Amino acid sequence: LGIVERYTLVPSNYFRQDKAREILSELFTLESSDRIKYVELPHYQAVLIFALSSDEDPSYTPAVSDLLQVLPMVKEYNKIVVSYSGGYVHIAIAEADKLVFCNSFPAKEFITAQYFIFATIKEFQFNPEMSTIYFRERLDFEEIENLLRYFRGVENISVLYNSK
């Protein structure tokens, strides 16, 4: 599998930069050489805290960071944005302006990624037939065709940038 992303979201009003390592260490095993970084997400009044190993590119941010940045651009009420790469599926979901879900799951195969996508939208009672799902990566034709059996639409997030 790809890079195991160590991250968590915390409400902005509970975030203190000097406590970021402590918060992550409650969830993940951290090395003393790990760098702790964060991204503020004012649209959701949240902060994404994440750890980078000493050998990782210091400019790297977790895939969910990109998803959370584009999620507000989705015009639909039920917003579903996904990244599938490196053996993981990353899913971010919002209802209107309220972030309701953000997590990553191991998924070596696309069928496994679909399992987590469907389990997540079922949890929040989203109707896929009324929803467009946005992917960060380009999907192949068969993957798109398969998803279109269930979703109203399947788009690449690049359309969100082009629609501004």
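Note that the coordinates shown come from a computational prediction; the quantities given were computed from them, not determined experimentally.

Cut-offs applied
Position numbers for residues start from 1 in each chain and track the written sequence from start to end. A pLDDT threshold of at least 70 governs which residues receive local features in this predicted model, and a stricter bar of 80 or more applies before side-chain atom pairs are shown or counted, although totals over entire chains, interfaces and linings include all residues. Only heavy atoms go into the side-chain values, all of them from the structure, while hydrogens and water stay out. If DSSP finds at least two bridges between two strands, the strands pair. Each helix is a run of H or I in the DSSP string that is no shorter than four residues. Each strand is a run of E no shorter than two, and both are numbered from the N terminus. Only the stretch in contact is used when fitting a helix axis, every axis being a line fitted to C-alpha atoms; angles between N-to-C directions are given from 0 to 180 degrees. Only heavy atoms matter for contacts: two residues are in contact if any of them lie within 4.5 Å across the pair.

Caption draft 1: Seen up close, the sheet that holds strand E6 (residues 98-106). The 5 strands are arranged E6-E5-E4-E7-E8 in an open sheet whose pairing can be described as mixed. Because the sheet does not close on itself, it has two edges, and the strands there are E6 and strand E8 (153-156). In this sheet, neighbouring strand axes are inclined to one another by 20 degrees on average, regardless of whether the strands run parallel or antiparallel. Sheet topology note: the strand E5 (residues 88-95)/E6 ladder contains 8 bridges and is antiparallel. Its bridge partner being in E6, Ile93 is matched across the sheet by Phe101. Helix H2 (residues 63-70) contacts strand E4 (78-85), E5 and E6 of the sheet and is inclined by roughly 25 degrees relative to E5. The sheet contacts of helix H3 (residues 110-123) involve E4, E5, E6 and strand E7 (132-135), and relative to E5 the element is tilted by about 20 degrees.

Caption draft 2: Broad picture of the sheet that holds strand E3 (residues 46-52). The strand order across the open sheet built from 3 strands is E1-E3-E2, with neighbouring strands paired in antiparallel fashion. Taken across any chain shown, the strands that pair with only one partner, and hence form the sheet edges, are strand E1 (6-11) and strand E2 (35-41). On average, each strand axis in the sheet is inclined to that of its neighbour by 20 degrees, with strand direction left out of account. Taken together, the 7 bridges between E2 and E3 define a ladder with antiparallel strand orientation. The partner of Ile36 across the bridge, within E3, is Ala51. Contacts from H2 reach E1, E2 and E3 within the one sheet, and its direction differs from that of E2 by about 10 degrees.

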